[in-house]
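The lines below spell out each chain.
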Amino acid sequence: MMPKTTLTDGSPVTPDHREIDPATGMQKAYVVLSAEERAKGFVRPVRQSYRHLTCGVVTTMGLALAETYARNPAFYSGTFCAGCGSHFPVGADGQFVWAGTDEKVGS
Ligand SMILES: [Zn+2]
């Protein structure tokens, strides 16, 4: 049985992956659905850029993260803003929309 989640590079999830790198404000690593899970199909388009409503800055993420959102829009509770250098909530009441749309990330 293959694990359902991995880190973005396909390696096993580590206990310390949520540690924040003080230089970037980003986590040490991010969890995604495994390639096998993502291959089962998407319920949303695969979109890699989102805009933080608070600051207006667009952040672009890697394909494995984007495909995880497309497979399971509710997978994440928050995401990183490159403008603010920190993480904020996603979802229907969250702070992010997909770039060029009014559609909330994580909904
Ligand atoms: Zn921001």
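One can find the structure itself at the top, above this paragraph.
The sections below set out a description of the structure shown in this document. (Residues numbered from 1 in each chain as written. Predicted model: local features only at pLDDT ≥ 70, side-chain atom pairs only at ≥ 80, totals over all residues. Heavy atoms only, no water.)

## Quick notes on the layout of surface pockets
Step number 1: Considered as a void within the structure, the largest pocket measures approximately 410 Å³ in volume.
Step number 2: Considering the residues around the largest pocket, the lining is formed by 19 residues, among which Gln 27, Tyr 30, Leu 65, Tyr 76 and Gly 78 are closest to the centre.
Step number 3: Residue assignment for the lining of the largest pocket shows that the elements contributing at least two residues are strand S4 (58-60), helix H2 (63-71) and strand S5 (78-81). (1 Å grid on protein atoms, 1.4 Å probe; cavity = no way out; pocket = protein on both sides within 12 Å on 5 of 7 lines; lining within 4 Å. Points joined across faces, edges and corners; volume = space filled by probe spheres on them. Helix = DSSP H or I, 4+ residues; strand = E, 2+ residues; numbered from the N terminus.)

## A closer look at the packing of aromatic side chains
Step number 1: Within the structure shown, the criterion is met by 5 aromatic pairs.
Step number 2: Ring plane angle 50 degrees and centroid distance 4.8 Å describe the contact between Tyr 69 and Tyr 76, whose orientation is recorded as tilted.
Step number 3: Tyr 69 gets classed as buried once you look at its relative accessible area, which sits at 4%.
Step number 4: Here Phe 75 and Tyr 76 contribute two aromatic rings whose centre-to-centre distance is 4.8 Å and whose plane-to-plane angle is 80 degrees, an arrangement assigned as edge-to-face.
Step number 5: Note on Phe 75: relative accessible area 25%, which makes it partly exposed. (Phe/Tyr/Trp six-rings, centres within 6.5 Å; stacked < 30°, edge-to-face > 60°. Buried < 20%, exposed > 50% of the residue type's maximum accessible area, 1.4 Å probe, protein only.)

## Quick look at the coordination of the zinc ion
Step number 1: In this structure, His 52 (ND1), Cys 55 (SG), Cys 81 (SG) and Cys 84 (SG) serve as the protein donors to the zinc ion, at separations of 2.0 to 2.3 Å.
Step number 2: Given 4 donor atoms and angles of 104 to 116 degrees at the metal, the environment of the zinc ion is assigned as tetrahedral.
Step number 3: Read in sequence order, the donor residues for the zinc ion give the motif H-x2-C-x25-C-x2-C. Here Cys 55, found in the loop between strand S3 (49-52) and S4, pairs with Cys 81, found in strand S5; they are 26 residues apart in sequence, far enough to count as distant.
Step number 4: Using a relative accessible area of 0% as the deciding quantity, one classes Cys 81 as buried. (Donors = N, O, S within 2.8 Å, 3.2 Å for Na, K, Ca; no water. Tetrahedral: all angles 85-135°; square planar, octahedral: opposite > 155°, others 65-115°.)

Coordinates in, geometry out; function isn't part of it.
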